[in-house]
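One-letter residues, chain by chain:
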Amino acid sequence: SPSQYSGLCRPSYLIVGAGKAGTSSMYYYLNDHPDVLPALRKQTHFWKYDVEEGKPFRHYLSNFPNSTSFGQPSHAVPDGGPIPRTEKVTGESSPGYLPHARAASHVRKALG
């Protein structure tokens, strides 16, 4: 049910690449941007190990900042429309996904 994920945020990006090919540098460059919040762990390895061991999707989401970390939008729409969403993002970098045979299909199934 959606309520089991209340307060948790999905990553906006996954950096996938070969080891020693700059994935860590890319991760840290992105995190230097003021609208990017770092994951609690840079390499979650969830789609390589944890999902294979049956750990729940909630466990994966716990690696990222929660919704309160993203703060509140600074203003409401003047015409009374919906309050705009925050523009901050978060993500992870796990080069081990690239050679893993099923990682891409796991990601596609869960994150679309």
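Here, every reference points to the structure presented above.
Peer 1: Teacher, can you tell me more about helix α4 (residues 103-111) here?
Peer 2: Residues three or four positions apart in an α-helix share a direction because the helix packs 3.6 residues into each turn. For α4, every residue scored as buried is listed here: Ala103, His106, Val107 and Leu111. Buried positions in α4, seen along its axis, are confined to an arc of 95° and lie on one side of it. Away from its buried face by more than 90 degrees, α4 exposes Ala104, Arg108 and Lys109. Where the residues of α4 are buried, they touch β1 (13-15), α2 (46-50) and α3 (57-61). Positive backbone phi, at 75°, marks Gly112, one or two positions downstream of α4.

Peer 1: Is there a simple way to explain the pattern of salt bridges in this structure?
Peer 2: Once their charged atoms are close, side chains differing in charge can pair, the charge on each being opposite to the other. Applying the stated criterion across every chain, the model contains 3 salt bridges. Linking Asp50 and Lys55 is a salt bridge whose minimum nitrogen-to-oxygen distance equals 3.7 Å. Of the residues examined, Asp50 reaches a relative accessible area of 9% and is grouped as buried. The residue Arg102 makes a salt bridge to Glu52 at a minimum N-O spacing of 2.8 Å.

Cut-offs and rules
Residues numbered from 1 in each chain as written. Predicted model: local features only at pLDDT ≥ 70, side-chain atom pairs only at ≥ 80, totals over all residues. Heavy atoms only, no water. Buried < 20%, exposed > 50% of the residue type's maximum accessible area, 1.4 Å probe, protein only. Helix = DSSP H or I, 4+ residues; strand = E, 2+ residues; numbered from the N terminus. Arc of directions from axis to C-beta. Contact = heavy atoms within 4.5 Å. Salt bridge = Lys/Arg side-chain N within 4 Å of Asp/Glu carboxyl O.

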